[in-house]
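# Architecture at a glance
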Amino acid sequence: MGQEGTLLLDGQLQREKKTKNRILGLILRPFYWLGKLSEELHWSFVSAVVIVYGINQGMSLGLSKISTQYYMKDEQKLQPSEAQIYFGIIQLPWVVKPLWGLLTDTLPILGYRRRPYFMLGGFIGVVAMLSLSINQNLHLAFALLCLMAGSAGVAIADVTIDACVTENSISHPSLASDMQSLCGLSSSVGQLIGFGISGFLVHLIGSKGVFGILSIPAGLVILVGMMSRETYVPNVAYKRVSQKFSDAGKAMWMALKCQSVWRPCIYMYVSLALSFHIHEGMFYWYTDAKDGPSFSKEMVGSISSVGAVGSLLGVLLYQNAFKNHPFRSVLFWTQLLYGASGLVDLILVSRVNLKFGIPDYVVVVSDAAFSHMIGRLKWMPLLVLSSKLCPSGIEGTFFALLMSIDHIGMLTASWGGGLLLHTFNVTRTQFDNLWIVIVIRSCLRILPVCILFLVPSSDPNASILPTEMLKSKKGDDIVENQNMEVASLVSSLDQHLADT
């Protein structure tokens, strides 16, 4: 018995040791993976991706969204309708994203095409955030200019890192998927951290204090520009820059005239434009309404964190369950569900949940998770569709153009929501008509179903463009494809989260 007991004990110890090694292996696996990427691609590139996607874009997104909301409400004393419209204005630099892409591709500075743009974007961000943080009683116009400048700094850095990822994907094709995973992981983790701590930071140091903290990620982008490895390009032909811009413009115009391209573009714009944003009206109701839930800053931040998790679940759900379904069928059901999800706000505002003993926070958190998941499920097919509408030779620039069209749709939705709040007199203290705004918003979300015939109903894995537009174009007259659509997916998802 003694020997058998010893054997049993040894077996148990061995199993426990294997379990510990397995757990330790899971913990260390990401570090081994990062080490492998650093060895193959150089540590400076991996650091640049983590800083730009994870810190400057992901974490800053969470911090800036909550701090800007409280800054507009408490410092600038804006009405909900005004804040909603100004939020759209802040995102204008993302509308001209193709311009930033063309500049980094065709206009080197002092012999470098990437490093100066990292430093430029970081410098703009540092100055803008410090100006907001230090100045007392800042005029609204100057505050908006600083917020737009901060957004421009993030957009410039985003386009530049997209180009770097694409260059490495071309030179290291076997690591392309690993690079995309690194981008997505950095962005998602950064967002969760940013949203998670945003409410606590705004409560502790105020919205202007958070703006001061946001100068740190922008400063790190300057460091990225300093440490990035890039080959010096002597004797740059600056005289050809205008010709390259002209060629790119002509190529994009020719593509837009193709029926296979402009029809889905119209749907994408209308679908986003009719999804009116009334977030500021709901935010003011959450925090200021006498009969509202009176959420604290920490609660508001946690709600956004749950929304970020819902968005991530939406991406995973599309990738594993719906990516092989036709665009038209996926968009039909997600559009209907997106309209229905908006009515959860009606339950909250009418206080029906309290009659059934359901706390406000439970309803809001559930709504944030579900609505963001559905919103992302609706957005993913549009992203994939956009990537399939890009003609060969101008893929990166044309994809950026399509994303600009989408951002114009989001801008329209933001301004439309602000107009709706103003029309029904939803103010800082008056919320009687907020339920009408919610109903109208939910109904408008369903209307794009009527023009779904503009979207191809074919296999999502099949080509959409005519064969002649898929043939590779060669020669110096075509803008070099440095900013491919795949590398832009992460930044497009991030910006969509910022607008929802």
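By the naming in an unreviewed UniProt entry, the protein goes by Folate-biopterin transporter 3 and is assigned to Nicotiana tabacum. The record in UniProt for the protein states the following under Subcellular location (unreviewed entry): "Membrane".

### With respect to the packing of helix H13 (residues 327-341) against helix H18 (residues 434-446)
When two helices pack together, you describe them by how their axes are tilted relative to each other and by the distance separating the axes. Taken N-terminus to C-terminus, the directions of H13 and H18 make an angle of 180°; their axes are 8 Å apart at the nearest point. In terms of orientation, H13 and H18 fall into the roughly antiparallel class. Packed against H13, whose contacting residues are Gln335, Leu336, Tyr338, Gly339 and Ser341, the element H18 presents Ser442, Arg445 and Ile446 at the interface. By residue class, the composition of the contact of H13 with H18 is three nonpolar, four polar and one charged.

### Thoughts on the packing of aromatic side chains
Counting across every chain of the model gives seven aromatic pairs. Ring geometry for tyrosine 70 and phenylalanine 283: centres 5.0 Å apart, planes at 85°, overall edge-to-face. On the criterion of sequence distance, the pair formed by tyrosine 70 in helix H2 (residues 43-75) and phenylalanine 283 in helix H11 (residues 279-288) is long-range, its members being 213 residues apart. Each member of the pair, tyrosine 70 as well as phenylalanine 283, is classed as buried. Centroid distance phenylalanine 283 to tyrosine 284: 5.9 Å. Interplanar angle 85°. Geometry classified as edge-to-face. We classify phenylalanine 283 as buried; its relative accessible area is 2%. By the ring-pair criterion, three or more aromatic residues cluster together here, those being Trp285, Tyr286, Phe295 and Tyr361. Across the ring face of tyrosine 112, the terminal group of arginine 115 is positioned such that the distance to the ring centre comes to 5.2 Å. One Lys or Arg, arginine 445, reaches over the ring of tyrosine 338 and ends 3.9 Å from the middle of that ring.

Conventions used here
Residues numbered from 1 in each chain as written. Predicted model: local features only at pLDDT ≥ 70, side-chain atom pairs only at ≥ 80, totals over all residues. Heavy atoms only, no water. UniProt positions renumbered as here; feature names shortened; annotations may be inferred. Axes fitted to C-alpha atoms, helices over the stretch in contact; angles between N-to-C directions. Helix = DSSP H or I, 4+ residues; strand = E, 2+ residues; numbered from the N terminus. Parallel < 35°, antiparallel > 145°, perpendicular 65-115°, else oblique. Contact = heavy atoms within 4.5 Å. Nonpolar A, V, L, I, M, F, W, Y, C, P; charged D, E, K, R; others polar. Phe/Tyr/Trp six-rings, centres within 6.5 Å; stacked < 30°, edge-to-face > 60°. Buried < 20%, exposed > 50% of the residue type's maximum accessible area, 1.4 Å probe, protein only. Lys NZ or Arg CZ within 6 Å of the ring centre and 35° of its normal.

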